[in-house]
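Chain by chain, the residues:
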Amino acid sequence: MVKRLWKVIISVIVVSNLFIFTSHANTEPNGPWVTPEQDVSLQRMYTPEELEKELKNIEARSKGRMKLEVAGVTQTGYPIYAAKIGNSDPNKKGILIQSSMHGDEELGVISSIELIKTLATGNSKEVQKMRDNLSVWVVPMLNPEGVVGSVVDGKRKPSRYNKQVWKPSEFGLDASTVPPWYYRNPGFDINRDFNPDLDFVLNSSTAHLLPGQSVSGWRGSEGFYATAESRAMRDLYKALEPELFIDLHHTYPTYTVSEDSDEMSTLAILNVPIAEEGYYDAKGTFWKVDDEVLNLSKRVGSLVYQKLQKGKSHYGNISRYEELNVPAMAISTFALNGTPTMIYEIRGGSNYDTGQKASGMMIKQTYEGLYETLKGFSTGEVYQADPDVYDNIPVFGPVVKNPHH
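In this text, all values refer to a predicted model and were calculated from it rather than measured experimentally.

## Here we look at the overall build of the chain
Here comes step 1: Scanning the chain for helices and strands turns up 10 helices and 14 strands.
Here comes step 2: Within the chain, buried positions represent 58% of all 405 residues.
Here comes step 3: For the chain, the share of sequence-separated contacts (at least 6 apart) that also reach a separation of at least 24 residues comes to 80%.

## Here's the deal with the sheet that holds strand E2 (residues 79-85)
Here comes step 1: Taken in spatial order, the eight strands of this open sheet run E1-E2-E4-E3-E7-E13-E9-E12, and their pairing is mixed. The open sheet has two edge strands with one neighbour each: strand E1 (67-73) and strand E12 (318-320). Between one strand axis and the next, the sheet turns through 20 degrees on average, direction left out of account.
Here comes step 2: Inspection of the sheet shows strand E9 (residues 267-270) paired to E12 by three bridges, in the parallel sense. Pairing of Ala268 across the sheet is with Ser319, part of E12.
Here comes step 3: The sheet strands contacting helix H7 (residues 291-309) are strand E7 (244-251), E9, E12 and strand E13 (341-347), and the helix crosses E13 at an angle near 40 degrees.

## Considering the side chain of Ser99
Here comes step 1: Considering the arrangement of structural elements, one finds Ser99 in strand E3 (residues 93-99).
Here comes step 2: A distance of 3.1 Å separates a polar atom in the side chain of Ser99 from the backbone nitrogen of Val109.
Here comes step 3: With near-sequence residues (within four places) excluded, Ser99 lies in contact with Gly108, Val109, Ser112, Val139, Pro140, Met141, Leu142 and Leu248.

## A look at unusual backbone geometry
Here comes step 1: Backbone torsion omega between Asn185 and Pro186 reads -5 degrees, so that peptide bond is classified as cis.
Here comes step 2: With omega at 15 degrees, the peptide bond leading from Tyr252 into Pro253 counts as cis.
Here comes step 3: Phi at Lys63 takes a positive value of approximately 55 degrees, unusual for a residue other than glycine.
Here comes step 4: According to the relative accessible area criterion, Lys63 is exposed, its value standing at 73%.
Here comes step 5: A positive phi angle is found at Glu241, which is not glycine, with a value near 50 degrees.
Here comes step 6: Examined against the element boundaries, Glu241 turns out to sit in the loop between helix H6 (228-240) and E7.
Here comes step 7: We classify Glu241 as exposed; its relative accessible area is 65%.

Rules used throughout
Residues numbered from 1 in each chain as written. Predicted model: local features only at pLDDT ≥ 70, side-chain atom pairs only at ≥ 80, totals over all residues. Heavy atoms only, no water. Helix = DSSP H or I, 4+ residues; strand = E, 2+ residues; numbered from the N terminus. Buried < 20%, exposed > 50% of the residue type's maximum accessible area, 1.4 Å probe, protein only. Contact = heavy atoms within 4.5 Å. Pairing = 2+ DSSP bridges. Axes fitted to C-alpha atoms, helices over the stretch in contact; angles between N-to-C directions. Polar contact = N/O pair within 3.5 Å; in protein donor to acceptor, adjacent residues only side chain to side chain.

Below is the structure:
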């Protein structure tokens, strides 16, 4: 079923002449750039309404294998959907996946929906074994407000941020209370709204922390669970206690594969999101990623890197994302709480032209990385992966600028 779907996608891509598959992503003008005369369409991307319809359709066809739940509701009323294949079961390994935390990073939505379809409706022995051994919870669109974004020149323009307005009264605070350091009036960067203290509550006794403290050049350290989106993910995490957390993003600017390469990276992966030596939060609590968590995180990255390299030349331009060391990110929070993590940074994005011409390939690349990860946990292969492979993945190189600009 999945193979048939990809044939349809490829046909649409060829007909539309918007997307090109290349064996190597190069930096020349005839590479993966949208030229000034081209009209970039977001038609293939899901709106929140289309996502809801698709997920309900999958649930109806899943024969009870998938349950669709509303994990939270945004300030403007959009439901945050979680597709659950399997319950929180101590006899199964839990995998928690989220996508589109930033609304202008949308290809992961499509990849995650295809993964949900496979797990919910697939009948192969391999998929059945995944369902027997794993509980997989997927939030394909964490930030529907950002996906909706705004309308510019009659076209949808997605936003990194949600649309939430800072209302101190919601947290029992004085009207003059300053907003969190990652607020953009309106809108929050949801991926700065997490806190390793999973029981943290923003109220009058913690409001003095809102300006944040400087950590590795960033303006602030921990987040405050000020958004419904971050609270929804935190609650899912606490309920599932996953063996792995995966976060799907995009990266822009565009980078070369490595310092020594002149080819563009199609995907950068990150499995070590926080400094290995640990850090002290604003309240003086010390946090550090456990060595076993760090080791398995690297094994996951090694597995995905090697699987995507094998026999697929157009998947070869994979880099390692630089360590960010930002405690307020979801992957940092969950890693510090004992869960191995992985982040996908797909090239380009909704508003960025390097993600347009190769979008079909990158959707499939991400899907296959996710599928191979689940397979690796189901069969146990991931525990045999060499963590040193991850350490030797080249860190992405210099920024590549659009030659048409």
